[in-house]
Amino acid sequence: MKKILWSFLVLVGLVALSACDDDKQVDFKNLPASIQEFVGTYFADVKVIKSEKDDEEPRYKVWLSNGFELKFYKDGGWQEVDGNWQVLPSALQMGILPGNLLTYTATEYPDAGIVEAARYSWGYQVELNTAPAIELHFNNDGEITMTDRR
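Each chain has its residues counted from 1, following the order in which its sequence is written. Totals for whole chains, interfaces and linings use all residues, but because this is a predicted model, local features are given only for residues with pLDDT of at least 70 and pairs of side-chain atoms are given and counted only at 80 or more. The side-chain numbers reported here are obtained from all heavy atoms of the structure, hydrogens and water having been left aside.

Trainee: Give me the sheet that holds strand β5 (residues 78-82): which residues, what numbers.
Mentor: Spatial strand order, β1-β2-β3-β4-β5-β6-β7-β8-β9: nine strands in an open sheet with antiparallel pairing. Two strands close off the open sheet at either side, each with one partner strand: β1 (24-25) and β9 (144-149). At least two DSSP bridges between two strands are needed for those strands to be called paired. Helix and strand definitions follow DSSP, with helices as H or I runs of at least four residues and strands as E runs of at least two, each counted in order from the N terminus. Sheet analysis places strand β7 (residues 123-128) next to strand β8 (residues 134-139), joined by six bridges and oriented antiparallel. Along β8, the bridge assignment pairs Gln 125 with His 137. Taken strand by strand, helix α2 (residues 33-42) contacts β2 (48-53), β3 (60-64), β4 (69-72) and β5, and its axis lies near 150° from that of β4. Note on contacts: a residue pair is in contact if any heavy atoms of the two residues lie within 4.5 Å. Helix axes are fitted to C-alpha atoms over the stretch in contact, other axes to C-alpha atoms as well, and angles between N-to-C directions run from 0 to 180 degrees.

Shown next, in the form of structure tokens:
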């Protein structure tokens, strides 16, 4: 009986492991042109260390040698830029975020930097490098809708 139970547990574990890894590693050159352009524009001197394609959203993920992680929708538009506690470059912030969002964060949190930005259908979410971390939500027009201290 123990042998049957052990075999069943091993089989369930293998099925669970194979189901968890739907991401497929792909060559960065095979990603949509808009993703290549995004990386070339904002991270020109940074090496891509890994890129994946998934059947779910976000569709594409890119890891950079400077520790940044990027996620993109299936149409190639950016979904998330995570600096892993590094402040996002100014040119990137100005290129992807509404101006009034940037003005609000600079005015209300002058000593903080944006370390993560995400774009959704309802608007934008940014995380600041404060202690404790602050997460801000903005609508699509860049107007603040929520503040969350973590």
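Trainee: Now, about the nonpolar core: what can you tell me, with residues and values included?
Mentor: Residues belong to a common nonpolar core when they are buried Ala, Val, Leu, Ile, Met, Phe, Trp, Tyr or Cys residues joined through side-chain atoms within 4.5 Å. Using a 1.4 Å probe on the protein chains alone, a residue whose accessible area is under 20% of its type maximum counts as buried, one over 50% counts as exposed, and one in between counts as partly exposed. In this structure, Phe 38, Leu 70, Trp 78, Val 81 and Leu 97 are the most contacted members of the largest nonpolar core, which totals 29 residues. Sequence-distant contacts of Leu 70, that is, excluding residues within four places in its chain, are made with Phe 38, Val 39, Phe 43, Tyr 60, Lys 61, Val 62, Leu 64, Glu 80 and Val 81.

Trainee: Give a description of the pattern of salt bridges that names residues and reports values.
Mentor: We define a salt bridge as a side-chain nitrogen of Lys or Arg found within 4 Å of a carboxyl oxygen belonging to Asp or Glu. Under the criterion given, the structure shown has three salt bridges. Glu 52 is the salt-bridge partner of Lys 50, the closest N and O atoms lying 3.1 Å from each other. Salt-bridge contacts for Lys 71 lead to Glu 80; the nearest nitrogen and oxygen are separated by 3.9 Å.

Any link to function would need more than the numbers given here.
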